[in-house]
Amino acid sequence: ELQGDRLLRAVVVRSAVGGVFCAGADLKERKEMTPSEASLFVNDLRATFTLLQEVPQPTIAAVEGVALGGGLELAMACDLRVAGAIPTYWPQAFEEVA
């Protein structure tokens, strides 16, 4: 739909929720999926990111807050990434990793 729009100059991908760009997939939901459902889910996400990469207009990820997992992949699928101020709760996003 975006590819044929000659009036469109750029695409900005942003969150409607303050403090979080995209937290990624719901892993509890994915745990309940069968292997074939999980494969379909991942393939659909990859196809979506590929479509975003192929949009002819510049794509910009306006990252305000955390971008984890698939959220980071979403930002990376854009041509440009613009980050806002890092929220004060940013370190807590990595507590499980440490």
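Structural data are supplied above this passage.
Report follows, based on the coordinates. None of the values given here were measured: they were computed from a predicted structure. (Residues numbered from 1 in each chain as written. Predicted model: local features only at pLDDT ≥ 70, side-chain atom pairs only at ≥ 80, totals over all residues. Heavy atoms only, no water.)

1. Regarding the overall build of the protein
Within the protein, the regular secondary structure consists of three helices and five strands. With 98 residues in all, the protein has 23% of them scored as buried. By sequence separation, contacts in the protein at least 24 residues apart represent 63% of the contacts at least 6 residues apart. When the accessible surface of the protein is summed, it comes to about 7300 Å², and 59% of that surface belongs to carbon and sulfur atoms. (Helix = DSSP H or I, 4+ residues; strand = E, 2+ residues; numbered from the N terminus. Buried < 20%, exposed > 50% of the residue type's maximum accessible area, 1.4 Å probe, protein only. Contact = heavy atoms within 4.5 Å. Areas by Shrake-Rupley, 256 points an atom, 1.4 Å probe, with all protein chains shown as cover.)

2. Topic: the sheet that holds strand S1 (residues 11-13)
Sheet strands associate in pairs through backbone hydrogen bonding, adopting either a parallel or an antiparallel arrangement. Taken in spatial order, the three strands of this open sheet run S1-S3-S5, and their pairing is parallel. Each edge of the sheet is formed by a strand with only one pairing partner; in this case those strands are S1 and strand S5 (80-83). When strand polarity is set aside, the average angle formed by the axes of neighbouring strands in this sheet is 25°. Where strand S3 (residues 59-63) lies against S5, four bridges are found, and the strand directions are parallel. In the strand pairing of S5, Ile-60 is matched with Leu-80. Across the sheet, helix H3 (residues 70-77) touches S1, S3 and S5, and the angle it forms with S3 is around 140°. (Pairing = 2+ DSSP bridges. Axes fitted to C-alpha atoms, helices over the stretch in contact; angles between N-to-C directions.)

3. Considerations on the environment of Val-20
With respect to the helices, strands and loops of the structure, Val-20 is situated in strand S2 (residues 20-22). In this structure Val-20 comes out as partly exposed when scored by relative accessible area, which is 26%. When the C-alpha positions of Val-20 and Gly-71 are compared, they lie 9.5 Å apart, and in sequence the two are 51 residues distant.

4. Quick word on the nonpolar core
Ranked by internal contacts, the top residues of the largest apolar core, which has 13 residues, are Val-13, Phe-21, Leu-52, Ala-61, Val-63 and Leu-74. Of all the secondary structure elements, the ones that give two or more residues to this core are S1, helix H2 (35-54), S3 and H3. When residues in this core are grouped by element, the largest group, three residues, is from H3. Beyond its immediate stretch of four places on either side in the chain, Val-13 contacts Phe-21, Leu-52, Ile-60, Ala-61, Ala-62, Leu-74 and Cys-78. (Core = buried A, V, L, I, M, F, W, Y, C linked by side-chain atoms within 4.5 Å.)

5. A word on H2
Along its 20 residues, H2 runs 28 Å from first to last C-alpha, staying within 8% of the 28 Å computed at 1.5 Å per residue. Where H2 is buried, its residues touch S1, S3 and H3. (Expected span 1.5 Å × (residues − 1).)

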